[in-house]
Amino acid sequence: AEEACLEVNRERMHVPLRAYESRAAVLGRRLCDELPAGPWLLALTPARWSFSLASKPADAPSVSGPGGFDAAGWGDLQVPCSWEVAGVGSKPVYLNERYPFKLDPPRVPTDERNEVGSYQVSFTLPARWIGRRSYLVLDGLGSAGA
């Protein structure tokens, strides 16, 4: 486990940024409003993504080249969701309950149950986006997303 790794290929933390067609389109909106449809937003959810659950970090799959994971044999899961609430893996861990593994920050348990979920989805950017800076926004992502 890479205990010091909290992020990879990630922008610095900031307020949520969204692309709008014009200044007029954004004025009067609130951050909690639904995202508007538009040519600069490609929604990847809701959808079914490839999913693999490992019981501990050492058993989690490794990325295999620029194509991502070798997802042969994986199942799929409706996204967005919590895999525990979807009935996959252990019961949800709540902070007001005892953790199912020993806490010893910053060390990550490697020989006990400390589930790792790996997701993968493929998509194609629209041709009109070529030459533009594009960001993949993963709202609600847990720790160490890459």
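For clarity, every value in this text was computed on a predicted model and none was experimentally measured. (Residues numbered from 1 in each chain as written. Predicted model: local features only at pLDDT ≥ 70, side-chain atom pairs only at ≥ 80, totals over all residues. Heavy atoms only, no water.)

Along the protein chain, the regular secondary structure elements total one helix and three strands. Per-residue burial for the protein chain yields a buried fraction of 12% across its 146 residues. In the protein chain, the proportion of contacts linking residues at least 24 apart, taken out of those at least 6 apart, comes to 72%. Accessible area for the protein chain stands at about 11,700 Å²; split by element, carbon and sulfur atoms hold 53% of it. (Helix = DSSP H or I, 4+ residues; strand = E, 2+ residues; numbered from the N terminus. Buried < 20%, exposed > 50% of the residue type's maximum accessible area, 1.4 Å probe, protein only. Contact = heavy atoms within 4.5 Å. Areas by Shrake-Rupley, 256 points an atom, 1.4 Å probe, with all protein chains shown as cover.)

Let us now look at the sheet that holds strand 2 (residues 75–79). Strand pairing in a sheet takes place through backbone hydrogen bonds and is either antiparallel or parallel in direction. Pairing is antiparallel across the open sheet formed by three strands, whose spatial order is 2-1-3. Of all strands in the sheet, those bounded by a partner on one side alone are strand 2 and strand 3 (116–120). Each neighbouring strand pair of the sheet contributes to a mean axis angle of 45°, computed without reference to strand direction. In this structure, strand 1 (residues 47–54) lies alongside strand 2, joined through five bridges in antiparallel fashion. In the strand pairing of strand 2, F51 is matched with G75. (Pairing = 2+ DSSP bridges. Axes fitted to C-alpha atoms, helices over the stretch in contact; angles between N-to-C directions.)

All told, the structure shown has five aromatic pairs when counted by the stated rule. When the centroid spacing of 6.4 Å and the interplanar angle of 80° are considered together, the rings of W49 and Y119 count as edge-to-face. Note that W49 is positioned in strand 1 and Y119 in strand 3, a separation of 70 residues in sequence. On the basis of relative accessibility, which here comes to 11%, the residue W49 falls in the buried class. (Phe/Tyr/Trp six-rings, centres within 6.5 Å; stacked < 30°, edge-to-face > 60°.)

Attention shifts here to the confidence of the model for the protein chain. Here the protein chain shows a mean pLDDT of 80. Residues at 70 or above account for 84%. Confidence, read as mean pLDDT per element, is least for helix 1 (residues 23–26) in the protein chain (82) and greatest for strand 1 (94). (pLDDT = per-residue confidence, 0-100.)

Okay, the pattern of salt bridges next. It is possible for side chains bearing opposite charge to pair when their charged atoms get close. Following the criterion strictly, the structure yields one salt bridge and no others. D76 is the partner of R48 in a salt bridge, and the nearest nitrogen-oxygen pair spans 3.1 Å. Of this pair, R48 sits in strand 1 while D76 is found in strand 2, placing the two residues 28 residues apart along the sequence. (Salt bridge = Lys/Arg side-chain N within 4 Å of Asp/Glu carboxyl O.)

Together, L42, F123, L125, L136, L138 and L141 give the surface a local cluster of nonpolar side chains, amounting to about 530 Å² of exposed area. You can see F123 is positioned in the segment after strand 3. Looking at F123, the relative accessible area reads 38%, which means it is partly exposed. (Patch = residues over 30% accessible without salt bridge, like charges linked within 9 Å, V, L, I, M, F, W, Y side chains within 5 Å.)

With that out of the way, let us pick up the pairing of strand 1. Here strand 1 pairs with strand 3 via five bridges, running antiparallel. Each bridged residue has a counterpart across the sheet, and for S50 the counterpart in strand 3 is Q120.

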